[in-house]
Amino acid sequence: MSEIIIVQLRDAIVNLDPDKAKEMAHRGVDEGFDPLDMINEGIRSALDRMGERFASGDLFLPELMLSAKAADAAVGVLEPELLSRGGSAERIGKVLLATVKGDIHDIGKNIVALLMKAAGFEVVDIGVDKAGEEIVAAAKENRVDVIGLSALLTTTMPGMKEMMELLQESGVRDQYKVIVGGAPITQEFAEMIGADGYGADATRAVDVTKKLLGR
Amino acid sequence: MDPWNLKGGKFTVLAQEEIEEIHQRALDVLQEVGCFFEHEEALAILKKHGALVDHSSRIAKLPRNMVEGALRLCPSSMLLAARDPKRDIHAEGDRVYFGPGTLPIKVRDLETGAVRMGTLKDCEDFARLIDALEFIHFFKAMITPCDVNQKVAELYMVNAAYNNTTKQISSTPFSVQGALDLYRMGVVVAGGEDAFKQRPMIIINMLAVSPLQWGKSNLEAIIALARVGCPMIIGSEPQGGTTGPAPLVGQVLLNVAETLAGITLAQLVQPTVPVMWGNVGSISDMRSGLFASGAVELGLINAAANQMAKFYRLPTYSTGGMSDSKVSDAQAGVEKSLQILMTALAGGNYIHDAAGLMESCLLTSYEQYVIDNEMLGMVSRVLEGIRVTSETLSFDQIKEVGPRGNFMGLRHTLDHVRGEHYLPRLFDRNTYDSWEARGAKDIREVARERAREILSTHEVEPLPGEVKEELNALIRKAEETYGR
């Protein structure tokens, strides 16, 4: 019986159906299932499957986005249950994302955020046009593991270097892994500014982040 | 064939009533949804002229009559002056001109074949190459010099262009100061502000960030450049599926609304300031989210955008001739040809990205420029079409030769072969054996040889000494002011 609900929850997410996902989450709770099991074996495994299919080119972005929405609908039911029992969902890491100062292009960053969430990361997206100080402050405040920076313009790339220097100066460089990405960014540039990783595209940004965190 | 007198306008993808529907819906978007303007002065100007402005969200809703009034002020033709007046661009009607594409950062080195970051030397060499290639009409910011102060990199690039080609110059600014300095460089080359008004020596482009967002520095630049009367390209670059709707017409609608918003602001600041309608949209590959610069849909989108711009009687800035390939291969040839054919036949006046671009606009190469010049020559021939007169119908010659003769010995054949047949400069039409006897060279190798030959022999008329010095002084001053 338990398997059926988990399978149906998984199917609801894969079929991009938030109403059904929510319904299955409620039913699971009503029937006394462990919310953590439902999150791990239902939701996570569905998102992992979607992530794999996307990485191999079998899915379109909107499918990934809509499956994440369906997953959120179920998490919205399960998380309060989990918290009320004193538990918490396991996250594989917390990532702060920002587009650097002077740059208001955010579609690349948004795609990375989507893929990061689908891969099980907690994502704090502080938006566009962010100065080094704002990024470092947000990283401290949110206690993130990883800082991910995005730029589309060659002119705003120096903002990444400035943030790296700021991390050094404030003595917290070793507390974060830093990844960079965006159209003009290259592996050489990432190494030059001392970043820990570079994602040539969104899928690779997720892979690099997992590796950096030893996952 | 005269490469300086090309005309398109023969290819349409929208019916007249569809054009009018898009126009009406774009006015609805601006009036009902509005557009985000990240600049207080821009919002104040729009408000003063009747826009409904919400200062907290920075969204301005533009009434229909305001937008339509602004449109009526736009000049329908634009002179873009070149150092050599024979190379002036007359952007109007169905006239077609080709230029290179926007700011890749990587270059395939002509000698080593390795991919490396672009340099100032590349800007100089590419400008000289463009000067020599007969089917490329203008220089558009086409490689980022990564080895100079990035705060003024566009000034270095444009300086290299003025020094190394007498063709017309266009650039994207990297900042508001950059936009004004580019204008000042144009003024220096023109010989003063009054001379610039007669013969504007630069056009500067400003793009919205889709959807419906005009950024701070672009708005500040539009206001500043409109005040001094500098010609501008105003447009947007929605990517279908991510920053624009997936249906192509939805994306065209979004581009129309965004472009109208920018043009309206420019006309409110300075009535009749020359603006060019910009559409550089394509689609995202929805399997990755990456910009699909070589997509065949880009040709359709640009053809539609050209029809919209012609409906508004505005000169057009379009895109065509890009590829996502990493090497000059069959993919590059197919993607580039299909796009450029559609945009050129649609009558794009100022078609950039028509040469040199690879890999989502990130990579360029010398050999690709030479190959693309050949492609543009062939497209130019297509634009000429078929001329039907009693002379070209050749009835008399068919009668003269009669059954079983041939046409090789006729004066008529000699008279018409040059005008009627495009003769490739690069592509090989020999037999296999004769191609092999000449070294069995791949087209990339032939193109590299041609590029080397041009770079080692082609000379460009130098700028007058004082102009050269004044441009250098302008960059020095900019570096002192904005730092390194």
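Structural data are supplied above this passage.
Scoring rules and cut-offs
- Residues numbered from 1 in each chain as written.
- Chains lettered and ligands numbered in written order.
- Predicted model: local features only at pLDDT ≥ 70, side-chain atom pairs only at ≥ 80, totals over all residues.
- Heavy atoms only, no water.
- Helix = DSSP H or I, 4+ residues; strand = E, 2+ residues; numbered from the N terminus.
- Contact = heavy atoms within 4.5 Å.
- Polar contact = N/O pair within 3.5 Å; in protein donor to acceptor, adjacent residues only side chain to side chain.
- Patch = residues over 30% accessible without salt bridge, like charges linked within 9 Å, V, L, I, M, F, W, Y side chains within 5 Å.
- Areas by Shrake-Rupley, 256 points an atom, 1.4 Å probe, with all protein chains shown as cover.
- Salt bridge = Lys/Arg side-chain N within 4 Å of Asp/Glu carboxyl O.
- Buried < 20%, exposed > 50% of the residue type's maximum accessible area, 1.4 Å probe, protein only.
- Core = buried A, V, L, I, M, F, W, Y, C linked by side-chain atoms within 4.5 Å.

Engineer: Tell me about the environment of Y422 of chain B, residues and numbers included.
Structural biologist: Residue and element names in this part refer to chain B. Within the secondary structure, Y422 sits in the loop between α15 (411–420) and α16 (432–437). Taking the C-alpha atoms as reference points, Y422 and M378, 44 residues apart in sequence, are found 6.7 Å from one another. Those residues in contact with Y422 that sit more than four places away from it in its chain are M1, F135, E374, G377, M378, R381 and R429. Separated by 2.5 Å, the side chains of Y422 and E374 make a polar contact.

Engineer: Which residues make up a nonpolar patch on the surface, and what values go with them?
Structural biologist: Residues and elements named next belong to chain B. On the surface, V296, V334 and L338 cluster together into a nonpolar patch covering about 240 Å² of accessible area. Take L338: it is sitting in helix α11 (residues 330–345). Judged by relative accessible area, L338 falls into the partly exposed class, the value being 42%.

Engineer: Which residues make up the side chain of E479 of chain B, and what are the values?
Structural biologist: Residue and element names in this part refer to chain B. By the secondary structure assignment, E479 is in helix α18 (residues 465–482). According to the relative accessible area criterion, E479 is buried, its value standing at 12%. When near neighbours in sequence (up to four residues on either side) are disregarded, E479 contacts N149, V152, Y156 and R484.

Engineer: Give a description of the nonpolar core that names residues and reports values.
Structural biologist: General note: in soluble globular proteins, nonpolar side chains tend to be found buried as a group. The biggest cluster of nonpolar side chains holds 126 residues, and the ones touching the most others in it are F98, L129, Y162, W214 and L260 of chain B. Among the elements that line this core, the one with the most residues is helix α9 (residues 248–269) of chain B, at eleven residues. If sequence neighbours within four positions are ignored, L260 of chain B has contacts with A26, L27, L30, V67, L71, W277 and Y312 of chain B. Counting 47 residues, the second largest nonpolar core, distinct from the first, contains M38, I39, L61 and I92 of chain A.

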